[in-house]
Amino acid sequence: MKLTDSEKRMRNGAEGRVIAEAMDYIIQFGEAFNAPRLVDISYCHYPAEMGIYYGDIEDLVRYAKRGAKVCVPTTTSTLCADLEKPSITGIPAKLARLQAEVEPAHRSMGILETYTCTPQLLGFVPPFGSYIASVESSAIIYFNSVLGARTNRGGLFTRFSAVTGKYPLMGYLLPENRYGTHLFKVMIPPERLRTYDAWCALGFIIGKIVGSEVPVVQLPMTKSQTPILPRSDFMIGLGAALATSGSVTLFHIPSVTPEARTVKEAFKNGNVPKNAYEIREKDLDDVYQQVNNIEPGADIDFVTLGCPHYNLAQIEYVARKLEGRRVRKDIRFWICTNRMTRKQAEYSGYVRTIESAGAKVVADTCPVESHMRQSTCREYGLAVPNVRNMVTDSVKMVRYVKDLIGCNTALADTDRCIQSALKGRYDSLQRRKGH
Ligand code: F3S
């Protein structure tokens, strides 16, 4: 790999041992994939070390004590605890204390304590074409597809990019890897795509077919023959689902996402797609059939919204629906978001409204990342499974809690989720088969 003089100096220890080691890892990583050189990144979304993983936090604390410092703006992903209000999730106090050790370590490294899977909601919107390094599949796909920034799926190596500001030029950083491979024509009536869960289900279908390649999603036209324009939260739900049933890192929606103004442009100006598919309403119904294993009307014990973490407008919507109402006794109802959005929701009175109804606005974490995982429950002597029947508007949540928490699940629109929490049973829509 060709290195600049300053990169060689970094590798040789001119900026200390932590940087030299990090450069070594990054160079070896790049060489394994034949990267010709390194590039400068402008931003990093960093893996927040979690108390539910053995040795994770101890490793972070050691790294921070060695003097590791980030050199680009760096945000952090989710934790297993709500650090400001740990008791609201029922996390064992010992685990919450362990998780809290990340805060001083991150602060000393210069990492911003965002603890979220949607850092873009906090203003971390890297510009079009910029190189970044990121963890969290739902954030990565948003950065790549909706913003046109360039990142691969990162893991622990993201740490080394954060302290050096470098990443190998490879994968989705290269323009030739960013063209569409498969075409998906969405033939679903626009009125069926008015809810968050529907976009999640759409992403789930496409991700399952396309695997790790690049789908081009052609949306249906409105009555006035203009393509429908998804809301930003719908794009977040769609991306998260694509990265859940498949390992999609980049998608294009002609006339919506920035790298594909037309279908032709999405396929490198004339290349033919490897395959083309039509997605119909029946395919959407099938997703609910596949992922729902709670009978309509059955008792439930958990409702969760906010996967990926909800924005302020979504929280406001839930608050208005809950105003003056009461969540059924014994139902845990979490609305997950990041700590800054929760603060905004507190200023606006939404948190008070939601709490008065008996629901909780949870920050820093979510059910998937929480202490409710079966392995953690066993370790801390909690009931397994910790949840029996969960209703949610996110297909990503459904997919992961089934295995990790071991509960039954139902995917429903946000209104049905809220109704389910109020009634204490799964409030399904009868008019749609399998929904
Ligand atoms: Fe975020 Fe948890 Fe979903 S980390 S994407 S809310 S599984």
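For the structure, see preceding data.
Per chain, the residues get numbers from 1 upward, laid out in the order the sequence is written. Side-chain atom pairs in this predicted model are given and counted only at pLDDT of 80 or more, local residue features only at pLDDT of at least 70, and totals for whole chains, interfaces and linings cover all residues. Each side-chain value is worked out from all heavy atoms of the structure, with water and hydrogens disregarded.

A.B. asks: Please set out the overall build of the protein chain residue by residue, giving values where relevant.
C.D. replies: In this text, helices come from DSSP runs of H or I with a minimum length of four residues, and strands from runs of E with a minimum of two, each type numbered from the N-terminal end. Across its full length, the protein chain holds 17 helices and 13 strands. Relative to the globule expectation of 22 Å for 435 residues, the C-alpha radius of gyration of the protein chain, 22 Å, shows essentially globular dimensions. Here the C-alpha coordinates of the protein chain stretch approximately 65 × 60 × 35 Å along the principal axes. Here the contacts in the protein chain between residues at least 6 apart in sequence split such that 77% fall between residues at least 24 apart. Per-residue and other accessible areas follow the Shrake-Rupley method at a 1.4 Å probe size, with only the shown protein chains counted as cover for residues. Accessible area for the protein chain stands at about 17900 Å²; split by element, carbon and sulfur atoms hold 50% of it. Only four residue types enter the charge count, namely Lys and Arg as positive and Asp and Glu as negative; His and the chain termini do not. Just so you know, the charge point we use is NZ for Lys, CZ for Arg, CG for Asp and CD for Glu. Taken as two groups, the 55 positive and 45 negative side-chain charges of the protein chain have centres that lie 2 Å from each other. Each radius of gyration is computed over the set of C-alpha atoms, and the globule rule expresses the reference value as 2.2 Å times the number of residues to the power 0.38. Only heavy atoms enter the contact rule, under which two residues are in contact if any of them lie within 4.5 Å.

A.B. asks: Which residues make up the nonpolar core, and what are the values?
C.D. replies: To define a nonpolar core, start from buried Ala, Val, Leu, Ile, Met, Phe, Trp, Tyr and Cys residues and group those joined through side-chain atoms within 4.5 Å. Think of it in three bands: with a 1.4 Å probe and only protein chains considered, a residue is buried below 20% of the maximum accessible area for its type, exposed above 50%, and partly exposed in between. The biggest cluster of nonpolar side chains holds 45 residues, and the ones touching the most others in it are Y63, V102, M109 and Y167. For this core, the elements supplying multiple residues, two or more each, are helix 2 (17–32), strand 1 (38–40), strand 2 (44–46), helix 3 (56–65), helix 4 (93–100), helix 5 (102–109) and helix 7 (158–164). With 43 residues, the next largest nonpolar core counts I141, A198, I253 and V395 among its residues.

A.B. asks: So what's going on with the pairing of strand 10 (residues 332–337)? Residues and values would help.
C.D. replies: Most of strand 10 is tucked away: five of the six residues are buried. Strands are labelled as partners when DSSP assigns at least two bridges between them. Pairing of strand 9 (residues 302–305) with strand 10, which is carried by four bridges, proceeds in the parallel orientation. Bridge pairing in strand 10 links V303 to F333. For crossovers, right-handed means that the path from the first strand over the helix to the second runs clockwise, given strands pointing away from the viewer. Handedness of the crossover is the feature at issue here: the chain leaves strand 9, passes through helix 12 (residues 312–322), returns alongside strand 10, and the resulting connection is right-handed. In this structure, strand 10 lies alongside strand 11 (residues 360–363), joined through four bridges in parallel fashion. Bridge pairing in strand 11 places I335 opposite V361.

A.B. asks: Pulling in residues and values, what's your account of empty space enclosed by the protein?
C.D. replies: Using protein atoms alone on a 1 Å grid, points that fit a 1.4 Å probe yet trap it form a cavity, whereas open point sets bounded by protein on both sides within 12 Å along at least five of seven lines form a pocket; residues with an atom within 4 Å of a point count as lining. Grid points are joined across faces, edges and corners, and a volume is the space filled by probe spheres set on the points. For the structure on display, the rule yields one cavity of 30 Å³ or more. What lines the largest cavity is simply L121, Y196, D233, I236, P308, H309, N311 and Q314. Residue polarity is assigned by list, with Asp, Glu, Lys and Arg as charged and Ala, Val, Leu, Ile, Met, Phe, Trp, Tyr, Cys and Pro as nonpolar; anything else, Gly included, falls into the polar class. Taken together, the residues of the lining of the largest cavity sort by class into four nonpolar, three polar and one charged. When residues of the lining of the largest cavity are sorted by domain, at least three fall in each of domain 2 (179–289) and domain 3 (292–423). Start and end points for every domain follow an automatic or database-based domain assignment.

A.B. asks: Outline the layout of surface pockets, supporting the account with residue identities and numerical values.
C.D. replies: Quantified by volume, the largest pocket comes out at close to 630 Å³. What lines the largest pocket is a set of 31 residues, and nearest its centre among them are Y53, S77, T78, E136 and E369. Among the elements of the structure, helix 6 (137–147) and helix 16 (395–404) are those that each provide at least two residues to the lining of the largest pocket. In terms of residue class, the lining of the largest pocket is made up of 15 nonpolar, nine polar and seven charged. A domain-level breakdown of the lining of the largest pocket finds at least three residues from each of domain 1 (5–175) and domain 3 (292–423). In this structure, the second largest pocket is lined by 17 residues; those nearest its centre are Y196, R231, F234, Y317 and T414.

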